[in-house]
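Close look at the chain arrangement
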Amino acid sequence: MCGRFALPNPKKIAGHFNLKNIPDLAPRYNIAPSQDIVAVRFLPNASTRELVLLNWGLIPFWAKDKKIAYKMINARAETIADKPAFRGAFKHHRCLIPASGFFEWSHKNKIKQPYFIGLKDAPIFAFAGLWEHWEGDNGEIIESCTIITTDANKTVGSMHDRMPVIIEPGQYDRWLASETEKKNLLSLLVPFPDKAMLAYPVGLEVNNPKNDNPNCLEEIKFN
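Thresholds applied
Residues numbered from 1 in each chain as written. Predicted model: local features only at pLDDT ≥ 70, side-chain atom pairs only at ≥ 80, totals over all residues. Heavy atoms only, no water. Helix = DSSP H or I, 4+ residues; strand = E, 2+ residues; numbered from the N terminus. Rg over C-alpha atoms; globule rule 2.2 N^0.38 Å. Buried < 20%, exposed > 50% of the residue type's maximum accessible area, 1.4 Å probe, protein only. Contact = heavy atoms within 4.5 Å. Areas by Shrake-Rupley, 256 points an atom, 1.4 Å probe, with all protein chains shown as cover. Lys, Arg positive; Asp, Glu negative; His and termini not counted. Salt bridge = Lys/Arg side-chain N within 4 Å of Asp/Glu carboxyl O. Polar contact = N/O pair within 3.5 Å; in protein donor to acceptor, adjacent residues only side chain to side chain. Arc of directions from axis to C-beta. Phe/Tyr/Trp six-rings, centres within 6.5 Å; stacked < 30°, edge-to-face > 60°. 1 Å grid on protein atoms, 1.4 Å probe; cavity = no way out; pocket = protein on both sides within 12 Å on 5 of 7 lines; lining within 4 Å. Points joined across faces, edges and corners; volume = space filled by probe spheres on them. Nonpolar A, V, L, I, M, F, W, Y, C, P; charged D, E, K, R; others polar.

**Things to note about the overall build of the chain**
What the chain contains, in helices and strands, is five helices and 13 strands. Against the compact-globule benchmark of 17 Å for 223 residues, the chain has a radius of gyration of 17 Å, which places it among compact chains. The C-alpha extent of the chain, read off along each of the three principal axes, is 55 × 40 × 35 Å. For the chain, the residues scored as buried account for 50% of the 223 residues in total. Long-range pairs, those at least 24 residues apart, make up 67% of the contacts in the chain between residues at least 6 apart in sequence. Surface exposure of the chain reaches about 11600 Å², of which carbon and sulfur atoms provide 51%.

Shown next, in the form of structure tokens:
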């Protein structure tokens, strides 16, 4: 799964995603579900990218209760095209979620040890995501998102059997474009190459989502 990630270098977003006039964004070191996160999508009926804020935890447009979002922070790649909660967004509302890495936990000797996982040669990259537009009976409007997961590669697999899907930069438009065929979309939802990734242990303070500071990304050394 992907339940926590980081984006400490938001100034790199504009160049990496070829965006113009993006707002000033604060560095984030410990992003958690239910928080607003940045995402990149195409403008309606266009192939122009825009940066938006979406609430992490997808609310299907047909949902009666927005609390369903707590169960929708991730979407499994294997069932995404058929599961009612995600199939509409998979067809019409795909997005990219900028990140510099994510956290996963190793359970050894009764200790829940967090690790930061990123790419060796890319300070910023993108998760595959879906977004939805929801309107409540009282007129409340929420735009929300989910992160797609797939089988874990070797780097992540020692800690969890799932990992977020990472889209290669050369495939960004293919993922976002409305005309991309289903089979070509599904072909992107695979584990990222293990040799391109890194992982290192970080301090226990990342376990609390209230802690959102550079210490969350500091590598620790075991005695």
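**Notes on the side chain of R94**
Counting through the fold element by element, R94 comes out in strand β6 (residues 94-99). As a buried residue without a salt bridge, R94 has its nearest oppositely charged side chain in E179, at a separation of 7.0 Å. Here F90 takes part through its backbone oxygen, which lies 2.6 Å from a polar atom of the side chain of R94. Within the structure, R94 has its side chain in polar contact with the backbone oxygen of K91 (distance 3.1 Å). Ignoring anything within four residues of it in the chain, the contact list for R94 reads R41, A89, G129, L130, W131, W175, L176, A177, S178 and L185.

**Observations regarding the environment of N184**
Topologically, N184 is positioned in helix α5 (residues 182-186). Residue N184 is classed as partly exposed on the basis of its relative accessible area of 28%. Residues N184 and G57 lie 127 residues apart in sequence; the distance between their C-alpha atoms is 25 Å.

**Thoughts on helix α2 (residues 84-92)**
Along α2, the residues classified as buried are A85, F86, A89 and F90. End-on view of α2: buried residues confined to an arc of 105 degrees, all on one side of the axis. Along α2, exposed side chains directed more than 90 degrees from the buried face belong to K91 and H92. Of the surrounding elements, those touching the buried residues of α2 are β5 (74-76), β6, β9 (125-135), β10 (141-151), α4 (172-176) and α5.

**A few points about the environment of L185**
Position of L185 among the secondary structure elements: in helix α5. Each C-alpha atom of the pair L185 and R76 lies 14 Å from the other, and the pair is 109 residues apart in sequence. With residues up to four places along the chain from it excluded, the contact list for L185 reads F90, R94, R174, W175 and T180.

**Section: the packing of aromatic side chains**
For the structure on display, the rule yields eight aromatic pairs. With a centroid separation of 5.3 Å and 15 degrees between ring planes, the pair formed by F17 and Y172 is classed as stacked. Here Y172 lies in helix α4 and F17 lies in helix α1 (residues 13-17), a separation of 155 residues in the sequence. Residues F17 and Y172 agree in their burial class; the two are buried. Through a chain of ring-to-ring contacts, three or more aromatic side chains come together here, namely F5, W56, F102, F125 and F127.

**Considering the pattern of salt bridges**
As enumerated under the stated definition, the model contains eight salt bridges in all. Among the ionic pairs, D212 bridges to R28, the shortest N-O distance being 2.6 Å. Linking D212 in the segment after β13 (197-201) with R28 in strand β2 (residues 28-31), this pair joins segments that are 184 residues apart in sequence. Notably, a salt bridge pairs R162 with D151, separated by 3.2 Å at the nearest N-O pair. Of this pair, R162 sits in strand β11 (residues 162-164) while D151 sits in strand β10, and the two are eleven residues apart along the sequence.

**Thoughts on the layout of surface pockets**
In this model, the largest pocket occupies a volume close to 350 Å³. Taken together, 17 residues line the largest pocket, and the ones lying closest to its centre are F42, L43, H92, L176 and S178. Of the pockets and cavities examined, the second largest pocket occupies roughly 150 Å³. By residue number, the principal contributor to the lining of the second largest pocket is strand β3 (residues 36-42), which donates three residues. By residue class, the composition of the lining of the second largest pocket is ten nonpolar, no polar and two charged.

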